[in-house]
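The primary structure of each chain is shown beneath.
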Amino acid sequence: MSADRRERRLVTALFVSGFATFSQLFDAQAILPSLSRDLSISSASAALAVSATTSGIAVSVLAWAWLSDRIGRTAVMRISLVATTVLALAAPLAPTLEVLIGMRALTGVALGGIQAVAMALLVEVLPRHRVPPAAAMYITGNTVGGVTGRVIAGPVSELLHWRVGLLVVAGIGVVACLLFFVLLPRGLEERGARPAPFRAALGHVAHHLRRWTTLSVYLQGFLIMGSFTAVYNYLGFHLTREPFSLPVALASLFFLVYFVGAASARVAGGLAVRIPPWFVVTAGGALVALAALPMLSGSLWVMFAGITLLTIGTFMSHPMSSTLSGLEADRGRSQSTALYQLSWLTGAALWGWFGGVLYDRFDWLGVVWMSTALAAGAIGIAASRAWVTRNGLSEEGSPA
């Protein structure tokens, strides 16, 4: 097999893995209004169906990263997808909310294997200049999966039941799992990292958290993805109530804007080949902040423009930050990429839930202003790193 064909198959396989991950990670966002109505629970309580999954990934990524150093990145990804498929099929059958949340959390733990090692695998097996566009393709898989999960689960939950919506998306995940097994090339990890003892892996974690070079990357994910997830968690509630009063099935179509995010991720990957990635991350954060005013509009089309800006900005910032988590690591790359996943997933779970507290108290205004505040923090960090990059300084402020 030629090197070019091998690379295409790898990138396509990772696209499929991202699709499988995000279709089953965020499908619950589209059913939250139906879940809240069916079980007579608050929006914040319903959002736990999403936060439980993101939390499950967050608590497992470091363990998956360590395991991947022992048995290999691709072995971990295969185990992760099989476990995810089984759990995703079982979760819709949960008899109570508590069991559903527990099953969603376990699904998140299984999904953590993909999130922990996919970016590390790309950084290890591809030439450095090929990593940003390949990473953007992987993130595009995340995006398309996120759209598919939401757009299918929302209307099906309205027409039939939220359990059926989740089950249909799980069935699509089965197909994605099979495609991944077929597409992933063999023998990818000849250039991979040597297995590290558990104590050494913990040492890498501590090292990355002490370095502003890597810590600043993790904070980007925590803030930007927290901002993004909070908005999308409660978008369905906002659109199905006054002043819009859209049916759930129609409100779910708003998630199609994710395809614009997929395009912006590809553009961001191309830009990062020509300009420093931190400039791309800063620009993405600025677009997220600018989205605040149109998102508060009473006009559906202006509101849609704001959601589009938010999505474009997020998918400019997030793929580049994810890529930087591998490129900025001077050692323990799998631990660094896992820490980035831990950070953004923690942000998504925490702010995704807290946005519901604000929504129940201050309505949509509380969610939007929280999102904007988080984006402002991310912009400050990214701009400072972009300035350091432009002036050729090290993280200590001395010439690099």
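Computed from a predicted model, the values in this text were never measured in an experiment. (Residues numbered from 1 in each chain as written. Predicted model: local features only at pLDDT ≥ 70, side-chain atom pairs only at ≥ 80, totals over all residues. Heavy atoms only, no water.)

Side note on the overall build of the chain
- Each helix and strand in the chain was counted, giving 17 helices and zero strands.
- Dimensions along the principal axes, computed over C-alpha positions, put the chain at roughly 55 × 45 × 40 Å.
- Burial status across the chain gives 60% buried among its 400 residues.
- Taking contacts inside the chain between residues at least 6 apart in sequence as the whole, the part at least 24 apart equals 83%. (Helix = DSSP H or I, 4+ residues; strand = E, 2+ residues; numbered from the N terminus. Buried < 20%, exposed > 50% of the residue type's maximum accessible area, 1.4 Å probe, protein only. Contact = heavy atoms within 4.5 Å.)

With respect to helix α13 (residues 277–290)
- The terminal C-alpha atoms of α13 lie 20 Å apart, and with 14 residues this matches the ideal 20 Å at 1.5 Å per residue to within 8%.
- Summarising the contacts, the buried residues of α13 are in contact with α10 (212–239), α12 (258–274), α14 (292–295), α15 (300–327) and α17 (364–390). (Expected span 1.5 Å × (residues − 1).)

Some details on the side chain of Ser34
- Mapped onto the fold, Ser34 is located in helix α2 (residues 27–39).
- Relative accessible area serves as the criterion here: at 4%, Ser34 is assigned to the buried category.
- Aside from chain neighbours lying at most four places away, what touches Ser34 is Ser157, Glu158, Trp162 and Val248.

Describing the nonpolar core
- Membership of the largest hydrophobic core comes to 114 residues, with the highest contact counts inside it found for Leu122, Tyr232, Met295, Met303, Ile307, Trp344 and Trp364.
- Sorting elements by how many residues they give to this core places α10 first, with 13 residues.
- Beyond its immediate stretch of four places on either side in the chain, Trp364 contacts Val231, Tyr234, Leu235, His238, Met295, Leu296, Met303 and Tyr359. (Core = buried A, V, L, I, M, F, W, Y, C linked by side-chain atoms within 4.5 Å.)

Details of the confidence of the model for the chain
- Averaged over every residue, the pLDDT of the chain is 86; the share at 70 or more is 95%.
- Ranking the elements of the chain by mean pLDDT puts α12 last, at 77, and α14 first, at 94.
- The low-confidence segment residues 396–400, where pLDDT is below 50, has eight contacts with residues more than four positions distant or belonging to other chains. (pLDDT = per-residue confidence, 0-100.)

Re the packing of aromatic side chains
- On inspection of all chains with the given rule, the structure shows 13 aromatic pairs.
- Centroid distance Phe22 to Trp344: 5.8 Å. Interplanar angle 25°. Geometry classified as stacked. On the criterion of sequence distance, the pair formed by Phe22 in helix α1 (residues 3–25) and Trp344 in helix α16 (residues 333–362) is long-range, its members being 322 residues apart.
- Given a relative accessible area of 0%, Trp344 falls into the buried group.
- For the pair Phe254 and Phe304, a centre-to-centre distance of 5.4 Å together with 85° between the ring planes defines the contact as edge-to-face. Here Phe254, found in the loop between α11 (248–251) and α12, pairs with Phe304, found in helix α15; they are 50 residues apart in sequence, far enough to count as distant.
- On the basis of relative accessible area, Phe304 is assigned to the partly exposed category, the value being 28%.
- Note that Arg78 overlies the ring of Phe181, its terminal NZ or CZ placed 6.0 Å from the centroid. (Phe/Tyr/Trp six-rings, centres within 6.5 Å; stacked < 30°, edge-to-face > 60°. Lys NZ or Arg CZ within 6 Å of the ring centre and 35° of its normal.)

Focus on the pattern of salt bridges
- Inspection of the entire model under this criterion finds six salt bridges.
- The partner of Asp27 in a salt bridge is Arg104, with the nearest N and O atoms 3.1 Å apart. Taken together, the residues span a long stretch of sequence, with Asp27 in helix α2 and Arg104 in helix α6 (residues 97–125) at a distance of 77 residues. Across this residue pair, the class does not change: Asp27 and Arg104 are buried. (Salt bridge = Lys/Arg side-chain N within 4 Å of Asp/Glu carboxyl O.)

Brief notes about a nonpolar patch on the surface
- Taken together, Leu48, Leu350, Trp353, Phe354 and Val357 make up a surface patch of nonpolar side chains, about 380 Å² in accessible area.
- Under the relative-accessibility criterion, Leu350 is labelled partly exposed at 38%. (Patch = residues over 30% accessible without salt bridge, like charges linked within 9 Å, V, L, I, M, F, W, Y side chains within 5 Å. Areas by Shrake-Rupley, 256 points an atom, 1.4 Å probe, with all protein chains shown as cover.)

Describing the environment of Leu327
- Residue position: Leu327 is located in helix α15.
- When the C-alpha positions of Leu327 and Pro132 are compared, they lie 9.7 Å apart, and in sequence the two are 195 residues distant.

With respect to the packing of α10 against α15
- Viewed as axis vectors pointing N to C, α10 and α15 meet at an angle of 150°, and their least axial separation amounts to 9 Å. Relative to α15, the element α10 is oriented roughly antiparallel. Considering how the two elements wind past one another, α10 and α15 form a crossing that is left-handed. Between α10 and α15, the residues in contact are Val217, Tyr218, Gln220, Ile224, Met225, Ser227, Phe228, Val231, Tyr232, Leu235, His238 and Leu239 and Leu300, Met303, Ile307, Leu310, Thr311, Thr314, Phe315, Ser317, His318, Ser321, Leu324 and Ser325, respectively.
- For the contact of α10 with α15, the class distribution of residues is 15 nonpolar, nine polar and no charged. (Axes fitted to C-alpha atoms, helices over the stretch in contact; angles between N-to-C directions. Parallel < 35°, antiparallel > 145°, perpendicular 65-115°, else oblique. Left-handed = near helix turned anticlockwise from the far one by under 90°. Nonpolar A, V, L, I, M, F, W, Y, C, P; charged D, E, K, R; others polar.)

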